[in-house]
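This is what each chain is made of:
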Amino acid sequence: MSRAEMDALGWDACDVILVTGDAYIDHPSFGMALVGRLLEAQGFRVGIISQPDWQSAEAFRVLGKPTLYYGITAGNMDSMVNRYTADRKIRSDDAYTANAEPNKRPDRAVTVYAQRVREAYPGTPVVIGSIEASLRRIAHFDYWSDKVRRSVLADSKADLLIFGNAERALVDLTHRMAAGEDIKTIRDLRGTAFMVPPGWLPGEDWGVHNSTRVDVPGKVDVHPNPYAMAQEDKAACATDNAVAAPEVVKPIRIMSREERLAMAKEKHDKTVVRLPSYETVVADPVMYAHASRVFHLESNPGNARAMVQAHGERDVWLNPPPLPLQMDEMDGVYDMNYARAPHPSYGKAHIPAWEMIRFSVNIMRGCFGGCTFCSITEHEGRIIQSRSEPSILREIEHIRDKTKGFTGTISDLGGPTANMYRLACKDKAIEVSCRRLSCVYPSICVNLGTDHSKLISLYRKARAIPGVKKILISSGLRYDLAVRSPEYVKELVTHHVGGLLKIAPEHTEENTLSKMMKPGIGAYDEFKEMFDRFSLEAGKKQYLIPYFIAAHPGTTDLDMLNLALWLKKNNFKLDQVQTFMPTPMAMATTMYHTRKNPLHKVMADSEVVETARSGKIRRTHKAFLRYQDPDNWPILREALVAMGRGDLIGNGDKHLIPSWTAGEGNGQAPAAGARRAGPAAMAPSAPAARGPRANALTGSLTARASIDNKPRASILDTIKVKAKPAPAATPVRGAKGGRAAAPAPQGRAGRK
């Protein structure tokens, strides 16, 4: 952090200097501490520059020139997500900065920091990483500029990008560079990306799978005519660009199954998938959606191939994703000698992100839910990487003995998902060959192990540690998995809920849930029944707090209305709500940008996904989630009238929002005539150009007006009733969620 510290250690120079957009906290939930301690354990001298002033290169010279390279990261979050809300408004604070001070990092911090490093010491190798670089490694839609941007490699001019779980690649890279190898020749590390000349291949034995077109017609082979007297002209059915190959006669060789599989695997491993170019995906939304689908299908490290995407006169080359860490490797990463505290230079300043995870333990990585709005899978992968019980218990004891302020409560044992610890595919061979985007959607895969016994055992051993009074579970819970293990739900509810448990159904309508890859609301109902029953048995009053997303791709006004009615029926009055934020590389972001669905084959005439793009529609959808807020009533009145649901405006129990309250209009009541006119007079009328709009629930506006004075059913009767599934041998199945958009420390997904 300073020259004085280097002098105290007797260092004349650092081998590696890491630059981060976060305050430096020596804790394994913060990527900079994890990487720094890892390289230190390998014998390298590591310096850290935290939140430098990016207005000039001088702040990047404070530790001198590194002997090997600069490592650049924006921090635990994408800098744009960190600095801006879903409405593109700049945030007033920063959870990763001392005293939550805002504006301590630039927009697109990885690119800015890399440029300043180049100015400080031209020619010094630059390696970029972290979630910002990881999610921007190919051409991607950028919500904040509302356009498709180039790979961060092209903008930052970095020598190498390391994505995903970077430990192996980082250690190998650093040792090879220390041995004198040029970074520009290191091209074989999994989980790395770099720029190459067009058409570059690692070797002559490599092939290219061209995926730059949606549908490529090939040669058509017709059946031979058995009655033809003349020899068949096979060239007649060839496409115009087909080239006749000389006939080669080879002897027939019978190969064993093992030989055929080995040959196929070798060919597969030496094939690169060429994605549509940056210039193509900028101009054609259909090709962008196609590229997104191909990219996600190549995400399983067991069978993923290298990918390449042209950017002008150069190519961005992506090696296959990193292999997951084994349990002993995970233990080694988390068992290093962390101070578990902010750097002393911050004094007594409060850092919200540190305070959030101060007494928590990260027990696993990864998520196999595949929720389309979440970026965890693209960054950490779908295969769960878990720590061992002894390693986790040692960390709890370390918190008890060495972390200041500990009063006996562990705030969380979790990760991206609370209850995926040590869950995996039952068959390794199936796991490495699988290309599913989710293990739990549209139903839980039959090959997925859902046994929660190891997690139950961990909970019991953890709370038995002397000095530990309470262990809470704060990470997002995958409730459709939890109901597969009633014993787990009972253990959780009885011992690990502090009165409120946050879970995330995200929506109630199947139209939206199918675009999220989330389970139906029936899974929530099943979990709630278990939660209430076990809370009653434990003699505790505990409540579920559901989270929902507004304005997600595929969501209509009617979907949001039905969700609002469900909330009122269940007496939920949400405080904090989330509007969908399109983050780089997420599949829901592809839907938002292209209006195409990459969950299925993408064609020019394939499914169109309606998206809430205008600010007014997004505000309306968000207002439905907080129907009880008077500030939202004007926009909701306008929306309800336009939808033909003016009957839901009034001051009775059957209404969603009131027609008028004393708190509106600066305390001035409307004219008497207006009050007598009823809801329709109070709400703005729909634009004349729209005309009467039919509504699936109530018919046309004209029909509604004709029965305006007739008795109406209660609001509870307007809600579509979803029949509960009949009892079966297996519970309701579905998919999970997570969130990378909300500011949260690394290793926490937010909601499931």
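Now for a quick tour of the structure.

Scoring rules and cut-offs
- Residues numbered from 1 in each chain as written.
- Predicted model: local features only at pLDDT ≥ 70, side-chain atom pairs only at ≥ 80, totals over all residues.
- Heavy atoms only, no water.
- Phe/Tyr/Trp six-rings, centres within 6.5 Å; stacked < 30°, edge-to-face > 60°.
- Buried < 20%, exposed > 50% of the residue type's maximum accessible area, 1.4 Å probe, protein only.
- Helix = DSSP H or I, 4+ residues; strand = E, 2+ residues; numbered from the N terminus.
- Pairing = 2+ DSSP bridges.
- Core = buried A, V, L, I, M, F, W, Y, C linked by side-chain atoms within 4.5 Å.
- Polar contact = N/O pair within 3.5 Å; in protein donor to acceptor, adjacent residues only side chain to side chain.
- Contact = heavy atoms within 4.5 Å.
- Patch = residues over 30% accessible without salt bridge, like charges linked within 9 Å, V, L, I, M, F, W, Y side chains within 5 Å.
- Areas by Shrake-Rupley, 256 points an atom, 1.4 Å probe, with all protein chains shown as cover.
- Salt bridge = Lys/Arg side-chain N within 4 Å of Asp/Glu carboxyl O.
- Disulfide = S-S within 2.5 Å.

1. Description of the packing of aromatic side chains
Inference 1: Taken as a whole, this structure holds 17 aromatic pairs when the rule is applied.
Inference 2: On the numbers, 6.0 Å between centres and 85 degrees between planes, the contact of Phe194 with Trp200 is edge-to-face.
Inference 3: Taking the relative accessible area as the measure of exposure, Phe194 reaches 0% and is therefore buried.
Inference 4: Classification of Trp200 as partly exposed rests on a relative accessible area of 27%.

2. So, the pairing of strand β22 (residues 543-550)
Inference 1: The buried fraction of β22 is high, at six of eight residues.
Inference 2: Inspection of the sheet shows strand β21 (residues 500-506) paired to β22 by five bridges, in the parallel sense. Each bridged residue has a counterpart across the sheet, and for Leu501 the counterpart in β22 is Leu544.
Inference 3: Across two bridges, the pairing between β22 and strand β23 (residues 578-579) is parallel. Paired with Ala550 across the strands is Thr579, a residue of β23.

3. Focus: the nonpolar core
Inference 1: Judged by nonpolar contacts, the single largest core of 150 residues is most densely connected at Ile396, Leu413, Phe527 and Leu656.
Inference 2: Formed by 40 residues, the second largest nonpolar core is a distinct cluster that contains Met6, Ala114, Leu161 and Leu275.

4. Description of the side chain of Ser134
Inference 1: One can find Ser134 in helix α5 (residues 130-134).
Inference 2: Residue Ser134 is classed as buried on the basis of its relative accessible area, which comes to 0%.
Inference 3: A distance of 3.0 Å separates the side chain of Ser134 from the side chain of His379, its partner in a polar contact.
Inference 4: In this view, Ser134 contacts Phe163, Gly164, Glu378, His379 and Met585; residues no more than four positions away in its chain are not counted.

5. Description of a nonpolar patch on the surface
Inference 1: On the surface, a cluster of nonpolar side chains totalling about 300 Å² of accessible area is made up of Leu500, Tyr543 and Ile545.
Inference 2: Relative to the assigned elements, Leu500 resides in strand β21.
Inference 3: Looking at Leu500, the relative accessible area reads 53%, which means it is exposed.

6. A short note on the pattern of salt bridges
Inference 1: Counted according to the given criterion, the structure contains 43 salt bridges.
Inference 2: Arg37 is the salt-bridge partner of Asp26, the closest N and O atoms lying 2.4 Å from each other. A residue pair is termed long-range when its members are at least 10 positions apart, and Asp26 in strand β2 (residues 25-26) and Arg37 in helix α2 (residues 31-41) qualify at 11 residues.
Inference 3: For Arg305, the salt bridge is made with Glu298, and the minimal N-O distance between the two is 2.7 Å.
Inference 4: According to the relative accessible area criterion, Glu298 is buried, its value standing at 2%.
Inference 5: A cluster of three or more residues bridged by salt bridges with shared partners is formed by Asp78, Arg108, Arg136 and Asp142.

7. A word on helix α24 (residues 633-642)
Inference 1: Taken across its 10 residues, α24 has eight buried, putting it largely inside the fold.
Inference 2: Within α24 the residues assigned to the buried category are Trp633, Ile635, Leu636, Arg637, Ala639, Leu640, Val641 and Ala642.
Inference 3: Positioned one or two residues after α24, Gly644 has a phi angle of 80 degrees, which is positive.

8. Thoughts on the state of the cysteines
Inference 1: What the rule picks out here adds up to zero disulfides.
Inference 2: Cys374 takes part in no disulfide bond, and the closest cysteine sulfur to it belongs to Cys367, at a distance of 6.3 Å.
Inference 3: Overall, Cys374 belongs to the buried group, its relative accessible area being 4%.
Inference 4: Just so you know, Cys434 is unpaired, no disulfide at all, and the nearest cysteine sulfur is the one on Cys439, 6.0 Å from it.

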